[in-house]
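Fold and contact review
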Amino acid sequence: MPRVKRGSLRRAKRRRLLARAKGFYQTKSKLYRAAKEAVDTSLSYAFVGRRRKKRDFRRLWVIRINAAARLHDLSYSQFMNGLKLAGVVLDRKTLADLAVRDPEAFTHLVGRARDARAAAAAPAG
């Protein structure tokens, strides 16, 4: 079997990995083996974090919508149910933004949700 030396390729691979570990604590940014382990761990955390971010933002939006809806004596679930019955199709991100930046528009939506719930609860006749 022929001998493989890998001079420049090995150096380039090592340099790339150490560049990724730049700023890590102590030997994790200087020694190859420690840096490799630290980079692998950080990449797995980054992968998980990209998925967590979506959950975290949705939780934040729900909290904001709930807080704004409770100012109008509705719970989050009652408000969302009312919007669905009223045929209002807005995502939670937009609703949370309205609750924070445009309280008047949010109040209008609360009114629509409340009316739709009342209409649904009234006996059909």
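Not measured: the values here are computed from a predicted model.

1. Observations concerning the packing of aromatic side chains
Applying the stated rule across the entire model yields 2 aromatic pairs. Centre to centre, the rings of phenylalanine 57 and tryptophan 61 are 5.9 Å apart; their planes meet at 40 degrees, and the pair counts as tilted. Highlighted residues: phenylalanine 57 and tryptophan 61, both in helix α2 (residues 32-70), separated by 4 residues, approximately one helical turn. Their ring planes at 45 degrees and their centres at 5.0 Å tell us that phenylalanine 79 and phenylalanine 106 sit as a pair that is tilted. You can see phenylalanine 79 sitting in helix α3 (residues 76-86) and its partner phenylalanine 106 sitting in helix α5 (residues 103-121), a full 27 residues away along the chain. Each member of the pair, phenylalanine 79 as well as phenylalanine 106, is classed as buried. For the cation-ring pair, arginine 51 lies above phenylalanine 47, with the distance from its terminal atom to the ring centre recorded as 4.1 Å.

2. A word on α2
Taking 1.5 Å per residue as the helical rise, α2 with its 39 residues ought to reach 57 Å, and the 55 Å between its terminal C-alpha atoms agrees with that figure. The largest bend in α2 amounts to roughly 30 degrees and is located at arginine 51. Taken together, the buried positions of α2 are Ala35, Ala38, Val39, Ile65, Ala68 and Ala69. Taken together, the buried residues of α2 touch α1 (7-20), α3, α4 (92-101) and α5.

3. With respect to the side chain of serine 75
With respect to the helices, strands and loops of the structure, serine 75 is situated in the loop between α2 and α3. For serine 75, the residues in contact, after removing those within four places along its chain, are Asn66, Ala69 and Arg70.

Rules and cut-offs
- Residues numbered from 1 in each chain as written.
- Predicted model: local features only at pLDDT ≥ 70, side-chain atom pairs only at ≥ 80, totals over all residues.
- Heavy atoms only, no water.
- Phe/Tyr/Trp six-rings, centres within 6.5 Å; stacked < 30°, edge-to-face > 60°.
- Helix = DSSP H or I, 4+ residues; strand = E, 2+ residues; numbered from the N terminus.
- Buried < 20%, exposed > 50% of the residue type's maximum accessible area, 1.4 Å probe, protein only.
- Lys NZ or Arg CZ within 6 Å of the ring centre and 35° of its normal.
- Expected span 1.5 Å × (residues − 1).
- Bend = angle between axes of the 7 residues up to and from the residue.
- Contact = heavy atoms within 4.5 Å.

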